[in-house]
Amino acid sequence: MSFQPPKGTDDIIAPQSQAWRKTLRLWDDWSERYGYPLVNLPIFEATELFERGVGETSEVVTKQMYTFADQGGRSVTLRPEGTASVVRAYLNSGHQGVWKGAYSGPFFRYERPQAGRRRQFWQVGVEYLATPSPLADVEVIELGYRFITATELPDVALLINSIGDQVCRPRYVAALKEYLREHESRLSAESMSLIERNPLRVLDSKVDGPELIEAPRTLDYLCEECAQHFTSVKEGLESLGVPYKEDSSLVRGLDYYTRTAFEYVATGLDAAQNAVGGGGRYDGLAEAIGGRPTPGVGFALGIDRIMLALGELQLPHLDVYLVSETGPLDALRVASNLRDEGISVDFDVDGRSVKAQFRTARRLEVPVILVWKGEGQPLDVQTEGERATLPLREVSTWFNSR
Ligand code: HAM
C-alpha cells in the first residue's frame, strides 16, 4: 500500500504501544490522586480562542496552527495546546470558585518534524483555576514531578523562574529591549525581528540565548508581590523535597504566562526537544478570552517525548497466550473464564495447529503459555524456567501469587 501516515505523525502500535498504555494509566492514577477530575474537550475550537488566549505574538499562533474554514465558513483550529480550552470550559460551566481538571489527548502544531517534535503529539496536563495561591503552583509542579519520576525517566531536571506580572513586567521588558538593541549586532536575524514584538522570546532562542547571560534577569525586576509569590513557591517545593534549579532565561513559548514558569527537562535528550513538559501561572488568560478574572496555573507534558526518553520499551500486552489442543471453541470458553478473573488472554480463532499456536505465543513474547488439553484435564503452564500443571479453577490464584 502506498499511503503513509502524514508527515510528522506516527502510527503507535504494539509492541511499543503497551508502554504508552502503561504511561497513560499511570497518568490517570497520579492526576486522580491529586484530585484532578477528567476534562474531555473539543479537538477543534474557534481560531480566535487561541489567537486571544495563547497570544498573537507566540510562534504557536503565528506559524504553527492547523486552521481551516469549516462547511459553515467558520474559522476553526485543531487545538495546539489545552489551557485556553480548559479556561473556556470553566468559564462556560458557570462554576464559581476553585476548580481542577486533568486532560490527556492529541494536540496539533505545524512544526518542522523531527524525533520528539511532531505535528500530532500527545499531551497530558492539569489546570488549577480560580486560586492565586502559590501553594497551587507547588501542588501542580509536584504532581508533574512525581508523575515523571513514576515513569522511571532518568535524569530529569526541574527548572523554575518567575516572569512577573502586568505590574512589573513592563519595566523588565523595557530594560531587556534596551539591552537587546545595544547588542543587536550580535543577534541572529530571527532574534532581531523579535525585539519589538516579543523580546522575552529572544532569551529562549537556541542560537542567541546562551550568548545573553549578561542580559537583564526577570528576577531582578519583580515587584514585591511577585517576589513574595516566587519565594513561597520555592519554599513549598523545598518542604516537599522536590529538587529544582532556578533558571532566569526560562520564559516559555506561550504569551499567557505570569509569575511562575517551569519546565521539566530530560537531560538525556537533544537540547531541541529535551523539554518533556512545562507550565506556569496565567492569571490574565481568562480575561484575554473575554471572561471574568480567574487566576490559574497548570502544566502539560509531552508523552511522545517521555516515550522517546524512556527508549524502545517493548512490553507484552498479554499476560497469557492460550494454546488449545481441542480447537478454538474450547479456547474461547476457557479464555472467557480467565478474562473474567482479570487475566489478559489471547488465543487463535482460526483452528491452526498446536505448533503454529506456540509460534504465535513466542512471537508475542507473552510471559505465560497455558495449554488446554481437554475437559477435566489440568492445563499445562509454561513460563520462563518453570513448567507445571494446574486445574483451570486454580489458574487465577496461581497467577495472582506470582
Ligand atoms: P508547551 O510547552 O507548549 O506548553 O507544551 C508542553 C509540552 O508538550 C512540551 O514540553 C513538550 O514536551 C510537548 N510538546 C509541545 N509541542 C510538541 C511537539 N510538536 N511534538 C512533541 N511534543 C510537543 C503548553 O502546551 C501549555 N498549554 C502548558 C500549560 C498548561 N501551561 C499551563 N497549563
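Fair warning: this is a prediction, and the values are worked out from it, not measured in the lab. The residue count restarts for each chain, going from 1 along the sequence in the order it is written. Residue-level local features of this predicted model are given only where pLDDT is at least 70; pairs of side-chain atoms are given and counted only at 80 or more, and the full residue set underlies all totals for whole chains, interfaces and linings. Hydrogen atoms and water are omitted, and side-chain values are computed over all heavy atoms in the structure.

**Quick notes on the overall build of the chain**
Part 1 of the reasoning: Counting secondary structure elements, the chain contains 14 helices and 15 strands.
Part 2 of the reasoning: Overall, the C-alpha framework of the chain stretches about 85 × 50 × 45 Å when taken along its three principal axes.
Part 3 of the reasoning: Exposure categories follow from relative accessible area, calculated using a 1.4 Å probe and restricted to protein chains: below 20% of the type maximum is buried, above 50% is exposed, and the middle band is partly exposed. For the chain, the residues scored as buried account for 50% of the 402 residues in total.
Part 4 of the reasoning: Computed with a 1.4 Å probe, the accessible areas rest on the Shrake-Rupley method; for each residue, only the protein chains presented here act as cover. As displayed, the chain has an accessible area near 20,000 Å², and 50% of this comes from carbon and sulfur atoms. Runs of H or I in DSSP of at least four residues are treated as helices and runs of E of at least two as strands, each being numbered from the N terminus.

**Focus on the sheet that holds strand β6 (residues 156-162)**
Part 1 of the reasoning: Criterion used throughout: strands pair if DSSP finds at least two bridges between them. Overall, mixed pairing links the seven strands, which are arranged β4-β5-β10-β9-β8-β6-β7 in an open sheet. Only two strands of the sheet have a single neighbouring strand rather than two, namely β4 (99-108) and β7 (245-246).
Part 2 of the reasoning: When β4 meets strand β5 (residues 120-129), the two strands line up antiparallel, connected through 10 bridges. Bridging from a neighbouring strand, Ala-102 pairs with Val-126 of β5.
Part 3 of the reasoning: Along the sheet face, helix α9 (residues 224-240) touches β6, β7, β8 (258-266) and β9 (275-281) and points at about 160° away from the line of β6. Contacts are assigned to residue pairs with any non-hydrogen atoms lying within 4.5 Å of each other. Every axis corresponds to a line fitted to the C-alpha atoms, with the helix fit spanning only the stretch in contact, and the corresponding angles, defined between N-to-C directions, vary from 0 to 180 degrees.

**A closer look at helix α5 (residues 134-150)**
Part 1 of the reasoning: Taking 1.5 Å per residue, 17 residues should reach 24 Å; α5 reaches 24 Å between its end C-alpha atoms and fits that length.
Part 2 of the reasoning: Listed in full, the buried residues belonging to α5 are Ala-136, Asp-137, Val-138, Val-140, Ile-141, Glu-142, Leu-143, Gly-144, Tyr-145, Phe-147 and Ile-148.
Part 3 of the reasoning: Definition of a polar contact: a pair of N or O atoms within 3.5 Å, with one able to donate and the other able to accept a hydrogen when the atoms are protein atoms, and with sequence-neighbouring residues admitted only if both atoms are side-chain atoms. For α5, the N-terminal capping position is held by Ser-133, with its side-chain oxygen 2.9 Å away from the main-chain nitrogen of Leu-135.
Part 4 of the reasoning: Glu-152 sits one or two residues past α5 and shows a positive phi near 70°. Here the expected span of a helix is defined as 1.5 Å times the quantity of residues minus one.

**Looking at the site of the ligand**
Part 1 of the reasoning: The local shell around the ligand holds 27 residues, among which Glu-81, Glu-111, Arg-118, Glu-127 and Tyr-257 are the closest.
Part 2 of the reasoning: Here Phe-299 contributes a backbone N or O atom positioned 3.3 Å from a nitrogen atom of the ligand.
Part 3 of the reasoning: Burial of the ligand by the surrounding chains reaches 95%, relative to a free accessible area of 660 Å².
Part 4 of the reasoning: Of all the secondary structure elements, the ones that give two or more residues to the shell around the ligand are β5, β9 and β10 (296-302). Put simply, a residue is near a molecule or strand once any heavy atom of it comes within 4 Å of that molecule or strand.

**Focus: the sheet that holds strand β14 (residues 379-383)**
Part 1 of the reasoning: Taken together, five strands build an open sheet; the order of strands is β12-β11-β13-β14-β15 and the sheet is mixed. The open sheet terminates on both sides in strands that have one partner only, identified here as β12 (345-347) and β15 (386-390). This sheet shows a mean twist of 25° between the axes of neighbouring strands, independent of strand direction.
Part 2 of the reasoning: On top of the sheet, helix α14 (residues 392-400) reaches β11 (320-324), β13 (368-372), β14 and β15; it is set at about 140° to β15, its chief contact.

**Describing the packing of aromatic side chains**
Think of a pair of aromatic rings as described by two things: how far the centres are apart, and how the planes are tilted against each other in angle.
Part 1 of the reasoning: Working definition: rings of Phe, Tyr and Trp (its six-membered ring) pair if their centres are within 6.5 Å, and the pair is stacked with planes under 30 degrees apart, edge-to-face with planes over 60 apart, and tilted otherwise. One pass over the structure, following the stated rule, counts 15 aromatic pairs.
Part 2 of the reasoning: Ring geometry for Tyr-66 against Tyr-110: centres 5.7 Å apart, planes inclined by 75°, an arrangement best described as edge-to-face. With Tyr-66 in strand β2 (residues 66-69) and Tyr-110 in the loop between β4 and β5, the pair connects residues that are 44 residues apart, well separated along the chain.
Part 3 of the reasoning: Under the relative-accessibility criterion, Tyr-66 is labelled partly exposed at 26%.
Part 4 of the reasoning: Over a ring means this: the NZ of a Lys or the CZ of an Arg is within 6 Å of the ring centre and within 35 degrees of the ring normal. Between the NZ or CZ atom of Arg-79 and the centre of the ring of Phe-107, over which it lies, the distance is 4.1 Å.
Part 5 of the reasoning: Here the basic side chain of Arg-119 rests over the ring of Tyr-110, its NZ or CZ set 3.9 Å away from the ring centre.

**A short note on the pairing of β6**
Walk down a regular strand and you will see the side chains alternate between the two sheet faces.
Part 1 of the reasoning: With six of its seven residues buried, β6 lies for the most part within the structure.
Part 2 of the reasoning: Two elements, β6 and β8, share seven bridges in a ladder whose sense is antiparallel. Residue pairing across strands places Asn-161 opposite Ala-261, the latter belonging to β8.
Part 3 of the reasoning: As paired strands, β6 and β7 are joined by two bridges and run parallel to one another.

**Regarding the pattern of salt bridges**
Part 1 of the reasoning: A pair is scored as a salt bridge if a Lys or Arg side-chain nitrogen falls within 4 Å of a carboxyl oxygen belonging to Asp or Glu. Taken as a whole and judged by the stated rule, the model has 23 salt bridges.
Part 2 of the reasoning: In this structure, Glu-139 and Lys-100 form a salt bridge, with 2.9 Å as the shortest nitrogen-oxygen distance. Of the two residues, Glu-139 sits in helix α5 while Lys-100 sits in strand β4, which places them 39 residues apart along the sequence.
Part 3 of the reasoning: Its salt-bridge partner being Asp-348, residue Arg-352 comes within 3.3 Å of it at the nearest N-O pair.
Part 4 of the reasoning: By relative accessible area, Arg-352 is classed as partly exposed at 38%.

**A look at the packing of α5 against α9**
Part 1 of the reasoning: Running from amino to carboxyl end, α5 crosses α9 at an angle of 45°, the nearest separation of the two axes being 9 Å. On the basis of the axis angle, α5 is oblique to α9. Between α5 and α9 the crossing geometry is right-handed. Contact with α5, carried on its side by Pro-134, Asp-137, Val-138, Ile-141, Glu-142 and Arg-146, involves His-229, Ser-232, Val-233, Gly-236, Leu-237 and Leu-240 of α9 and no other residues of that element.
Part 2 of the reasoning: In terms of residue class, the contact of α5 with α9 is made up of six nonpolar, three polar and three charged. With respect to orientation, any angle under 35 degrees is reported as roughly parallel, any angle over 145 as roughly antiparallel, any angle of 65 to 115 as roughly perpendicular, and every other angle as oblique. Note on convention: near helix rotated counterclockwise from far helix by under a right angle means a left-handed crossing. Clockwise means right-handed. Residue polarity follows a fixed list, in which Ala, Val, Leu, Ile, Met, Phe, Trp, Tyr, Cys and Pro are nonpolar, Asp, Glu, Lys and Arg are charged, and the others, Gly among them, are polar.

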